[in-house]
Amino acid sequence: MSQLRPLSLVTSVVRAAGFADAEVDGEVVALSIDKGTCYGLNNVSSRIWRELTVPVSVRDICGRLLCEYRVDQVTCEQEVLALLEELRAEGLVEARELTA
């Protein structure tokens, strides 16, 4: 099994295929159709999940969150990258480097 390259601010991320999702009280519940696994996302994670309907850079996600939440840039970037790494490890998102 090959090692995945760590995500960065210039990585493009998008939802992986094979998941059904629903919003419950402002939070997203995603179900893996293949695995039969259910994932519950909190308010901020749900906000990020909504951004992933089309490929988007991690930098753009952070920029939008900085406009909506009271958080400093470094903390935002670190936490978004950590969440996206978790989602990628679970197979919920796919990533690729943006080309210039």
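Residues numbered from 1 in each chain as written. Predicted model: local features only at pLDDT ≥ 70, side-chain atom pairs only at ≥ 80, totals over all residues. Heavy atoms only, no water.

A. Broad picture of the overall build of the chain. Of the regular secondary structure elements, the chain holds three helices and six strands. Sequence-ordered secondary structure for the chain, helices as α and strands as β, is β-β-β-β-α-β-α-α-β. Taken against the 2.2 N^0.38 rule, which gives 13 Å for 100 residues, the C-alpha radius of gyration of the chain at 13 Å falls within 12% of a compact globule. Scored against the burial criterion, the 100 residues of the chain give a buried share of 36%. Taking all contacts inside the chain whose residues are at least 6 apart in sequence as the whole, residues at least 24 apart take part in 56%. Where the 10 positive side-chain charges of the chain centre and where its 16 negative ones centre are 5 Å apart. (Helix = DSSP H or I, 4+ residues; strand = E, 2+ residues; numbered from the N terminus. Rg over C-alpha atoms; globule rule 2.2 N^0.38 Å. Buried < 20%, exposed > 50% of the residue type's maximum accessible area, 1.4 Å probe, protein only. Contact = heavy atoms within 4.5 Å. Lys, Arg positive; Asp, Glu negative; His and termini not counted. Charge placed at Lys NZ, Arg CZ, Asp CG, Glu CD.)

B. Spotlight on the sheet that holds strand β3 (residues 27-32). Taken together, three strands build an open sheet; the order of strands is β2-β3-β4 and the sheet is antiparallel. Both outer strands of the open sheet, β2 (19-24) and β4 (38-40), are each paired with one neighbouring strand and no more. Strand-to-strand twist in this sheet, taken as the mean axis angle between neighbours without regard to direction, amounts to 20 degrees. When β3 meets β4, the two strands line up antiparallel, connected through three bridges. Note that in β4 the partner of L31 across the bridge is C38. (Pairing = 2+ DSSP bridges. Axes fitted to C-alpha atoms, helices over the stretch in contact; angles between N-to-C directions.)

C. Region of interest: helix α3 (residues 73-89). Across its 17 residues, α3 extends 24 Å between first and last C-alpha, which sits within 8% of the 24 Å expected from 1.5 Å per residue. C76, E77, V80, L81, L83, L84, L87 and R88 are the residues of α3 that are buried. Down the axis of α3, the sector holding all buried residues measures 165 degrees, keeping them to one side. Among the exposed residues of α3, those oriented more than 90 degrees off its buried face are Q78, E79, E86 and A89. The opening residue of α3 is D72, an N-cap whose side-chain oxygen sits 3.2 Å from the backbone nitrogen of V74. Phi turns positive, to about 85 degrees, at G91, one or two residues after α3. (Expected span 1.5 Å × (residues − 1). Arc of directions from axis to C-beta. Polar contact = N/O pair within 3.5 Å; in protein donor to acceptor, adjacent residues only side chain to side chain.)

D. Representation of the nonpolar core in the model. Ranked by internal contacts, the top residues of the largest apolar core, which has 25 residues, are V13, L52, V58, I61, V80 and L84. Mapped by element, the contributors of at least two residues to this core are β3, α1 (43-51), α2 (58-68) and α3. For this core, the leading source of residues is α3, giving six residues. Residues in contact with L52, not counting those within four places in the same chain, are V13, V14, R15, I61, L84 and V93. (Core = buried A, V, L, I, M, F, W, Y, C linked by side-chain atoms within 4.5 Å.)

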